[in-house]
Each structure stands twice: as C-alpha cells, then as structure tokens.
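Close look at the chain arrangement
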Amino acid sequence: MPVLLLNDDDVRARLDAPTAVRAVRSALLAAHEGGLHAPPRVHADLGGGELVFTAGHLRTHKLFGFRAYDTLVGAEQLVAVWGTEDGRLRAVVHGDELGPRRTGAIGAVAVDAAARPGPIRLGLVGAGTQAWTQLWAIRSVRQLDEVTVASRRPERAEAFARRAGEELGVAVRAVRTVEEAVRGHDVVVVATNSAVPVLDADWVSPGTHVTTLGPKAVSRHEVPAALADRADVLFTDSPAQAAGYGEPHIFPADRMSALGAILSGAAPGRTSPEQITLFCSVGLAGTEVAVAAALCDG
C-alpha cells in the first residue's frame, strides 16, 4: 500500500467537519477506555527554541504516530501515521491545516457534550485560525441561530464575518466589544493569545458553555481564574496533558473531568439548563493521528 502524502491543500479539500468530529470523538472515548496511550508532550531543546512532539498509540484503531512542530522559527507541522499490524507507514501530512482542524473538532465534541440541547447562539472571542476552525466544526454538530465575533482589531472581526458567509455559508456579525460576544450567548469560544483576561467572569450568563483555547497558565491566561469558580462543570480533553505543562494552570486539577469520561457517561456533564460549563482545550495527543488516519480512508 503506497504512503499517502498530503499537504495543506489536500487537507482542505479532503477533510470535512463531520469526519474530523467523528475521528476525535472516537479517540476521546478510546482515551477514557484505555484504547489510546498518549504521553505528555516531548520537548527537544534546539537552542533558542524547541522541537515538540505529541504522540499517540490508538490500540482500538491499530495505529500509532506523532505530530512534530517547532518553537524555533515556527515552521510547518508534520504528522506521521503507522499501522501496528504491519508496521508500515500509512500517511504523512505536511502543513498547518490538520492541527487546527483537529482542535476545532475537539471543541465541537465538547460543545455537543456540554452545551444546552438545541440550536445555539455562538460568541467567538478572537478572529484567527483557531476561532475559524471552531466555527467550521461546531456548525456540524449544532444549528447556529446567531454567531458574533469580536477581535482586538475590529477589521479582523469584520473580515472573519465576511469569510464565514462566503466559505461556510454562516451569517456572522462582527461586534465591537468582547462583552457583546459573551453576554447572552449559549456557547462562547475564547481563542486568543492574550496574557491577560479578555473578559469578565460576570459577563458569562447562566447556562453558557465556554471553551478556552489560549493561555491558561498562572502567569498568563486569557480568561479569569474566577470563571472556574463560577463553572459547575470543568473539564478538559486530557487531564494528563493539562497537568504536564511547565507551569500550573489557573484551573484546579482536582475539579477537572475528562471529556472522554463525560462522553462515556462515567463522569457527569451538564445536569441542568442553568449550569455553566467550562472546557479547557489542551489538544489530546493522538487525536491528530486519528484525524490523519481518517484522511487515509476518505
């Protein structure tokens, strides 16, 4: 069997949101059930930067592989997948599309698991790649009654809204303030690189689901620590990875459930419409292998 070689254009053309969501949902359940072995990130010092590896062995899928990216110059990423039955290399995915789309799919699974049932009003804080792939994936699991987006630079929010209409067929309204993208929404996605909180915990309405994608360390965090105090359900895609960062998170580890456990019913998710749920996205290692493998089957 020839090795499948894919670049960013191939990923954009071949990977649809439902496929990505199914792949990561399966991997998240496998992680809970012991079918995914995903160690913490490995950091190789390059002098002035690092080469970072995330690896995973999906026993349930008979696959293993890794993702590699650097912090030296910010070069393109690489994902490689092998089959465990014959040890043959199955796919190599080069470029920056797979990672964010995998993260978007994880966020969509979290929204579907923890947001209130039915159509949603979605607020996006940030107008970059991560916000885009969250919208790309969430629209495949929930009907979107309203979408707003706020950015530190208003022109970026406006460009995001135009692109969403043109490429996704989703009506998005650019708003001037973060508060407008948070108050009164069913789901809020915070996707920034801010070192200081970009919102006030009191802006989050009862019943809202919040996903935070950006910095969450004690020294720099995009959402306030008080938001965890308000949250009735606090969860992450990988408690081990969340605990494996060099600096402690602002969220208490002893309160964080695993998304896979919620999906399986082993841990409680939302139990009432008024609860606030908070998802700490860290990017479960091995999920990128699952998505790359799904591309092989596409």
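First, a word on what this report is: a plain description of the structure on this page.

Procedures and definitions
- Residues numbered from 1 in each chain as written.
- Predicted model: local features only at pLDDT ≥ 70, side-chain atom pairs only at ≥ 80, totals over all residues.
- Heavy atoms only, no water.
- Helix = DSSP H or I, 4+ residues; strand = E, 2+ residues; numbered from the N terminus.
- Buried < 20%, exposed > 50% of the residue type's maximum accessible area, 1.4 Å probe, protein only.
- Areas by Shrake-Rupley, 256 points an atom, 1.4 Å probe, with all protein chains shown as cover.
- Lys, Arg positive; Asp, Glu negative; His and termini not counted.
- Charge placed at Lys NZ, Arg CZ, Asp CG, Glu CD.
- Expected span 1.5 Å × (residues − 1).
- Pairing = 2+ DSSP bridges.
- Contact = heavy atoms within 4.5 Å.
- Axes fitted to C-alpha atoms, helices over the stretch in contact; angles between N-to-C directions.
- Core = buried A, V, L, I, M, F, W, Y, C linked by side-chain atoms within 4.5 Å.
- Salt bridge = Lys/Arg side-chain N within 4 Å of Asp/Glu carboxyl O.
- Phe/Tyr/Trp six-rings, centres within 6.5 Å; stacked < 30°, edge-to-face > 60°.
- Lys NZ or Arg CZ within 6 Å of the ring centre and 35° of its normal.
- Right-handed = clockwise from strand over helix to strand, strands pointing away.

Bringing the overall build of the protein chain into the picture now. Scanning the protein chain from terminus to terminus reveals 10 helices and 15 strands. Judged by the C-alpha coordinates and their principal axes, the protein chain covers about 55 × 45 × 45 Å. When burial is assessed residue by residue, the protein chain has 53% of its 298 residues classed as buried. Only carbon and sulfur atoms are counted for the fraction: they give 51% of the accessible area of the protein chain, which is about 12,600 Å². Between the centroid of the 29 positive side chains of the protein chain and the centroid of its 34 negative side chains there is a distance of 2 Å.

A few words on helix α3 (residues 98-114). A rise of 1.5 Å per residue sets the reference length of α3, with its 17 residues, at 24 Å; its end C-alpha atoms lie 24 Å apart and thus fit the reference within 8%. Taking burial as the measure, the 17 residues of α3 include 15 buried ones, the bulk of the element.

A sheet is described by the order of its strands in space; here eight strands give the open sequence β10-β9-β8-β11-β12-β15-β13-β14, paired in parallel fashion. In the strand order of this sheet, the two ends are held by β10 (173-174) and β14 (256-258), each with one partner. Pairing between strand β13 (residues 233-236) and β14: three bridges, direction parallel. Bridge assignment links L234 to a residue of β14, and that residue is M256. The strands touched by helix α4 (residues 129-138) within the sheet are β8 (120-125), β9 (144-150), β11 (187-190) and β12 (209-212), with β8 carrying the most contacts at an inclination of about 165°.

Summarising the element assignment, V189 is placed in strand β11. According to the relative accessible area criterion, V189 is buried, its value standing at 0%. Along the primary structure V189 and L122 are separated by 67 residues, whereas in three dimensions their C-alpha atoms are 7.7 Å apart. Leave out the neighbours within four places in its chain, and V189 touches L122, G123, L124, V125, Q134, I138, T211 and L213.

Core analysis: the largest hydrophobic core is formed by 68 residues, its most contacted members being L122, L135, F160 and V172. Not counting residues up to four positions away in its chain, the partners in contact with L135 are L122, L124, L144, V147, F160, A164, L168, V170 and V172. Grouped together as the second largest cluster of nonpolar side chains are 26 residues, V175, L234, A242 and M256 included.

Position of E155 among the secondary structure elements: in helix α5 (residues 154-168). In this structure E155 comes out as partly exposed when scored by relative accessible area, which is 44%. Considering only alpha carbons, one finds E155 and A127, 28 residues apart in sequence, at a separation of 9.7 Å.

Another aspect to go through is the pattern of salt bridges. A pair can form between side chains of opposite charge whenever their charged atoms are brought close. Inspection of every chain in the model, using the stated rule, returns 15 salt bridges. The residue E97 makes a salt bridge to R101 at a minimum N-O spacing of 2.6 Å. Taken individually, E97 and R101 each receive the classification buried, so the pair is uniform in this respect. A salt bridge links E146 to R173, with the nearest nitrogen and oxygen atoms 2.8 Å apart. One end of the pair, E146, is in strand β9; the other, R173, is in strand β10, with 27 residues separating them in the sequence. Salt bridges here are not isolated pairs; linked through shared partners, they connect D9, R12, E97 and R101.

It is worth spelling out the packing of aromatic side chains at this point. A full pass over the atoms with the stated rule returns five aromatic pairs. Ring centres of F53 and F66 lie 5.9 Å apart, and the angle between their planes is 65°; on these two criteria the pair is classed as edge-to-face. A residue pair is termed long-range when its members are at least 10 positions apart, and F53 in strand β4 (residues 50-58) and F66 in strand β5 (residues 63-70) qualify at 13 residues. Classification of F53 as partly exposed rests on a relative accessible area of 28%. With a relative accessible area of 22%, F66 lands in the partly exposed category. The interplanar angle of 35° and the centroid separation of 5.8 Å between the aromatic rings of F66 and W82 together place this pair among those described as tilted. Of the two residues, F66 is situated in strand β5 and W82 in strand β6 (residues 78-83); the sequence distance between them amounts to 16 residues. Taking relative accessible area as the criterion, W82 reaches 22% and is therefore assigned partly exposed. Every member of this aromatic cluster is reached through a ring pair, and the members are F53, F64, F66 and W82. Residue placement shows R101 over the ring face of W136; its charged tip is 4.8 Å from the ring centre. Positioned above the aromatic ring of W132 is the side chain of R163, whose terminal nitrogen or guanidinium carbon lies 3.6 Å from the ring centre.

Before going further, it helps to spend a moment on the pairing of β9. For a regular strand, side chains alternate in direction, first toward one face of the sheet and then toward the other. Of all seven residues that make up β9, five are buried, and the element is covered over most of its length. Both β8 and β9 contribute to a ladder of six bridges, which runs parallel. Residue pairing in the sheet places I120 in a bridge with L144 of β9. This β-α-β element, β8 to α4 to β9, shows right-handed connectivity. In this sheet, β10 lies alongside β9 in parallel orientation, the contact comprising two bridges. The residue of β10 that forms the bridge with T148 is R173. At this point the chain moves from β9, through α5, to the parallel β10, and the crossover so formed is right-handed.

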